[in-house]
Amino acid sequence: MVDLSLYLAFVVAAAALCVAPGPDMMFIVAMGGRGGPATGVLAAVGVACGALVHALAAMSGLSALFAHLPVLYHVLRWAGAAYLVYLAVKAFRDRGTDGAGEVPLTGPDPRRLRAFWQGMVTNLLNPKVILFNIAFLPQFVNPSLGHVAVQFLILGLTLVLLGLGVDATVGALAGRLAALLRRSRRFARGLDIVSGSVFAALAVRLVTAPE
């Protein structure tokens, strides 16, 4: 159902994109820094779920609406920026205790659930991800093979899984380092300030980067 040569080229290109530092990775590092390894991993899972929704939207053609209705793009962009500002303010107001008592990656811990939903919402409210899928995925689809929607799905799932593997690893490593630093209350407060600064910078980037 897919062109093997195109698929292999896609895997190479997608892997390079996933490894390169970007907004999602910066967000996951900040979340891991605030809450520890489990929080970083759950933030990565949330981002991956958001990316999967974007891939399904691209497969169904819904993402093309943003290319033809700029107002939707701008509404989503400003909503995403506002959400990141909210996360930044929350981080700045914390006192270095958000990640205290990090527990293993089991059980319904509220902090991990928040990390998951925050990662998913942040990714869903980034219209640049939508436009990226519109521009990137079709280049590796071969219409002559038929089953175009299935080809889109396979490519989208591959991109999501590659991104999840990289981001979860980065989130866990960032969280592990942060867990060591949080033994000092001063470092813990510093990590919250750094995380808040990352969220604020991502908000500014979302509204000021070229479209």
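The written sequence of each chain sets the order in which its residues are numbered from 1. In keeping with the model being predicted, local features are shown solely for residues with a pLDDT of at least 70 and side-chain atom pairs are shown and tallied solely at 80 or more, while totals for entire chains, interfaces and linings include all residues. In computing side-chain properties, one takes all heavy atoms of the structure into account and sets aside hydrogens as well as water.

Q: Looking at this structure, I do not really get the packing of helix 2 (residues 23-35) against helix 6 (residues 110-124). What am I missing?
A: Relative orientation and spacing of two packed helices are given, respectively, by the angle between their axes and the distance between those axes. Viewed as axis vectors pointing N to C, helix 2 and helix 6 meet at an angle of 160°, and their least axial separation amounts to 11 Å. Judged by the inter-axis angle, helix 2 sits roughly antiparallel to helix 6. Note on packing geometry: the crossing formed by helix 2 with helix 6 is right-handed. Residue-level contacts link Asp-24, Phe-27 and Met-31 of helix 2 to Ala-115, Gln-118, Gly-119, Thr-122 and Asn-123 of helix 6. Classification used: nonpolar for Ala, Val, Leu, Ile, Met, Phe, Trp, Tyr, Cys and Pro, charged for Asp, Glu, Lys and Arg, polar for all others including Gly. For the contact of helix 2 with helix 6, a count of residues per class yields three nonpolar, four polar and one charged. Helix axes are fitted to C-alpha atoms over the stretch in contact, other axes to C-alpha atoms as well, and angles between N-to-C directions run from 0 to 180 degrees. Under the DSSP-based scheme used, a helix requires at least four consecutive residues in state H or I and a strand at least two consecutive residues in state E, with every element numbered from the N terminus. In this scheme, roughly parallel covers angles under 35 degrees and roughly antiparallel covers those over 145, while 65 to 115 is roughly perpendicular and the rest are oblique. Put simply, a crossing is left-handed when the front helix is turned counterclockwise from the back one by less than a right angle, and right-handed when it is turned clockwise. In what follows, residue pairs with any heavy atoms lying within 4.5 Å of each other are defined as contacts.

Q: Looking at this structure, I do not really get the environment of Thr-122. What am I missing?
A: Its location among the elements puts Thr-122 in helix 6. Take Thr-122: its relative accessible area is 12%, and that puts it in the buried class. Sequence spacing of Thr-122 and Asp-24 is 98 residues, and the spatial spacing of their C-alpha atoms is 8.4 Å. Filtering out sequence-adjacent residues up to four positions away, Thr-122 remains in contact with Phe-27, Tyr-83, Leu-84 and Leu-87. Reaching out from Thr-122, the side chain makes a polar contact with the backbone oxygen of Gln-118 at a distance of 2.7 Å. Working definition: with a 1.4 Å probe on protein chains only, accessible area under 20% of the residue-type maximum means buried, over 50% means exposed, and in between means partly exposed. We define a polar contact as two N or O atoms separated by no more than 3.5 Å, with the added condition that, inside protein, one atom must be a possible hydrogen donor and the other a possible acceptor, whereas residues neighbouring each other in sequence contribute only through side-chain atom pairs.

Q: I tried to follow helix 3 (residues 37-60) on my own but got confused; where do I start?
A: Owing to its 3.6 residues per turn, the α-helix aligns residues three or four sequence positions apart on the same side. To estimate the expected span of a helix, count its residues, drop one, and scale the result by 1.5 Å. Between its terminal C-alpha atoms helix 3 stretches 35 Å, which fits the 34 Å expected from 24 residues at 1.5 Å a residue. Downstream of helix 3 by a residue or two, Gly-61 has a phi angle that is positive, lying close to 90°.

Q: Where do I start with the packing of helix 2 against helix 3 in this structure?
A: Contact geometry for helix 2 and helix 3: axes closest at 7 Å, N-to-C directions at 150°. Judged on the interaxial angle alone, helix 3 and helix 2 are roughly antiparallel. Judged by the sense of rotation from one axis to the other, the crossing of helix 2 with helix 3 is right-handed. Within the contact between the two elements, helix 2 uses Asp-24, Phe-27, Ile-28, Met-31, Gly-32 and Gly-35 and helix 3 uses Thr-39, Gly-40, Ala-43, Ala-44 and Val-47. Classifying every residue of the contact of helix 2 with helix 3 gives six nonpolar, four polar and one charged.

Q: Would you mind going over helix 5 (residues 70-93) with me for this structure?
A: Over its 24 residues, helix 5 extends 35 Å from the first C-alpha to the last, a length consistent with the 34 Å expected when each residue adds 1.5 Å. Listed in full, the buried residues belonging to helix 5 are Tyr-73, Leu-76, Arg-77, Gly-80, Ala-81, Leu-84, Leu-87, Ala-88 and Ala-91.

Q: Is there a simple way to think about the packing of aromatic side chains in this case?
A: Aromatic rings in a pair are described by how distant their centres are and how their planes are angled relative to each other. Between the rings of Phe, Tyr and Trp (Trp by its six-membered ring), a pair exists once the centres lie within 6.5 Å; its type follows the angle of the planes, with under 30 degrees stacked, over 60 edge-to-face, and the other angles tilted. Scanning the model with the defined rule gives seven aromatic pairs in all. Here the aromatic rings of Phe-10 and Phe-140 are separated by 5.2 Å at their centres, their planes lie at 70°, and the arrangement is edge-to-face. One end of the pair, Phe-10, is in helix 1 (residues 4-19); the other, Phe-140, is in the loop between helix 7 (127-136) and helix 8 (148-181), with 130 residues separating them in the sequence. Residue classification places Phe-140 among the buried residues on the basis of a relative accessible area of 13%. Joined through ring pairs, the aromatic side chains of Phe-10, Phe-132, Phe-136 and Phe-140 make up one cluster.

Q: Explain a nonpolar patch on the surface here, please?
A: Nonpolar side chains collect at one region of the surface, where Leu-69, Val-71, Leu-72 and Val-75 lie side by side and expose about 330 Å² of accessible area between them. Taking relative accessible area as the criterion, Leu-72 reaches 34% and is therefore assigned partly exposed. Two distance rules govern patches: like charges are joined within 9 Å, and nonpolar side chains (Val, Leu, Ile, Met, Phe, Trp, Tyr) within 5 Å, applied only to residues with over 30% relative accessible area and no salt bridge. Accessible surface is estimated by sampling points in the Shrake-Rupley manner with a 1.4 Å probe; for residues, cover comes only from the protein chains shown. By definition, a salt bridge exists where a carboxyl oxygen of Asp or Glu is found within 4 Å of a side-chain nitrogen of Lys or Arg.

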